[in-house]
Amino acid sequence: MVCGGANDCNAGTDCAQYCSQTGTELQPCGANATVESSYFCDNPPCPDGTLALPLNNAKPSDVPLLGQCVVDEIGQLFHRNNADSRLLYADFSAYDGAPLPQPSSCPTLPGLTLCGGSCGDTCPHDGGFSPHVCFGRSKKHPYSLCAVNGGTCSTSDQSNCKTFGTETGSAQGCLLFLDDSADQSIADIHGICVDQTTCNAAASSYPGGAKCI
């Protein structure tokens with residue numbers, strides 16, 4: 001369920017009581033409504049199958065972008081309440097209500113580990129706080145990527161990638177999603193540091209497009 005909007009929570013429910021304390025801002029309500037209660041949307045990126053919901057008054061251009069990771073079904077509720085503008089896909093493109101793609105097969109691409117959706121649970125589970133993340137599936141990008149998250153970066157600042165590379169002894173690249181022109185400026189400030197091999201391979205063959213700097 002969601003608080004607020006044209007289809008507000010049913011009266012008398014626990015959600016309705018919670019919503020009465022939150023004001024008029026549309027937001028998720030109920031068990032399992034979110035994957036994380038609060039996080040940096042881009043550090044780590046939202047996991048496969050979810051959307052980014054920035055905190056109230058946050059702008060997509062904010063760095064870091066504070067908010068929640070919400071499941072695709074929550075996105076559909078926001079869409080039905082005319083609140084697409086509150087959400088971003090995992091590639092940092094503007095949400096428009098289109099559900100996440102569900103391809104029937106998963107390609108094998110050199111240098112890339114695709115994960116999530118039709119590719120399955122192919123990303124390693126490291127236990128505790130996993131450095132591996134499965135991220136990126138969105139309207140334009142039908143598959144998620146599996147990589148070790150080395151921090152955030154942008155077209156103008158790759159310092160975190162250099163620091164992580166020095167600490168781990170592994171070359172790092174700044175991975176940026178290729179989005180439609182209207183969304184590219186947002187994608188360019190929400191890059192992710194990944195190993196250089198994955199970064200180069202994504203720039204070469206990731207479905208939907210990526211660039212590595």
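Now for a look at the structure at hand.

The rules we used
- Residues numbered from 1 in each chain as written.
- Predicted model: local features only at pLDDT ≥ 70, side-chain atom pairs only at ≥ 80, totals over all residues.
- Heavy atoms only, no water.
- Helix = DSSP H or I, 4+ residues; strand = E, 2+ residues; numbered from the N terminus.
- Buried < 20%, exposed > 50% of the residue type's maximum accessible area, 1.4 Å probe, protein only.
- Contact = heavy atoms within 4.5 Å.
- Areas by Shrake-Rupley, 256 points an atom, 1.4 Å probe, with all protein chains shown as cover.
- Disulfide = S-S within 2.5 Å.
- Pairing = 2+ DSSP bridges.
- Polar contact = N/O pair within 3.5 Å; in protein donor to acceptor, adjacent residues only side chain to side chain.
- Axes fitted to C-alpha atoms, helices over the stretch in contact; angles between N-to-C directions.
- Arc of directions from axis to C-beta.

As a further point, take the overall build of the chain. Helices and strands together make up the secondary structure of the chain, namely five helices and 12 strands. Across the 213 residues in the chain, those meeting the buried criterion constitute 46%. Here the analysis covers contacts within the chain between residues at least 6 apart in sequence; of these, 58% occur between residues at least 24 apart. A total of about 10,000 Å² of accessible surface is found on the chain, and carbon and sulfur atoms cover 50% of it.

Right, let's talk about the state of the cysteines for a bit. Within the structure shown, the criterion is met by seven disulfides. The side chain of Cys106 participates in a disulfide bridge whose partner is Cys119; the two sulfur atoms lie 2.0 Å from each other. Here the disulfide of Cys106 and Cys119 is right-handed, its torsion about the S-S bond being about 95 degrees. Remark: Cys119 occurs in the loop between strand E6 (114-115) and strand E7 (132-135) and Cys106 occurs in the loop between helix H2 (72-80) and E6; sequence separation between them is 13 residues. For Cys106, a relative accessible area of 31% puts it in the partly exposed group.

Looking now at unusual backbone geometry. The step from Val63 to Pro64 runs through a cis peptide bond, and the omega angle for that step is -5 degrees. Within the fold, Pro64 resides in the loop between strand E4 (50-54) and strand E5 (66-71). Phi angles above zero are rare outside glycine, and Asn82 is one such case at about 60 degrees. In this structure, Phe92 takes a positive phi of about 70 degrees despite not being glycine.

Burial analysis of strand E8 (residues 144-148) places four of its five residues in the buried class, which makes it a mostly covered element. Bridging between E6 and E8 involves two bridges; their strand directions are antiparallel. The partner of Leu114 across the bridge, within E8, is Leu145. Across four bridges, E7 lies against E8 in antiparallel orientation. Within E8, the position partnered with His132 by the bridge is Val148.

Attention now moves to the environment of Thr50. Relative to the elements of secondary structure, Thr50 occurs in strand E4. Placed 23 residues apart in sequence, Thr50 and Glu73 show a C-alpha to C-alpha distance of 8.8 Å. For Thr50, the side chain forms a polar contact with the main-chain oxygen of Pro47, separated by 2.6 Å.

To continue, consider the sheet that holds strand E11 (residues 191-195). One open sheet accounts for four strands, arranged E9-E11-E10-E12; its pairing is antiparallel. Across the chains shown, the open sheet's two edge strands, defined by having one partner strand only, are strand E9 (152-153) and strand E12 (210-212). Examined bridge by bridge, strand E10 (residues 172-177) and E12 share three bridges and lie antiparallel to one another. Residue pairing for E12: Phe177 is matched across the bridge by Ala210. Most of the contacts of helix H3 (residues 159-168) go to E10, to which it runs at about 140 degrees, and overall it touches E9, E10 and E11.

Inspection of helix H5 (residues 196-205) places Thr198, Cys199, Ala201 and Ala202 among the buried residues, and these make up the whole buried set. What you see down the axis of H5 is that its buried residues fit within an arc of 170 degrees, all on one side. Projecting away from the buried face of H5 at angles above 90 degrees are the exposed residues Thr197 and Ser204. Where H5 is buried, its residues contact E8, E10, E11 and E12.

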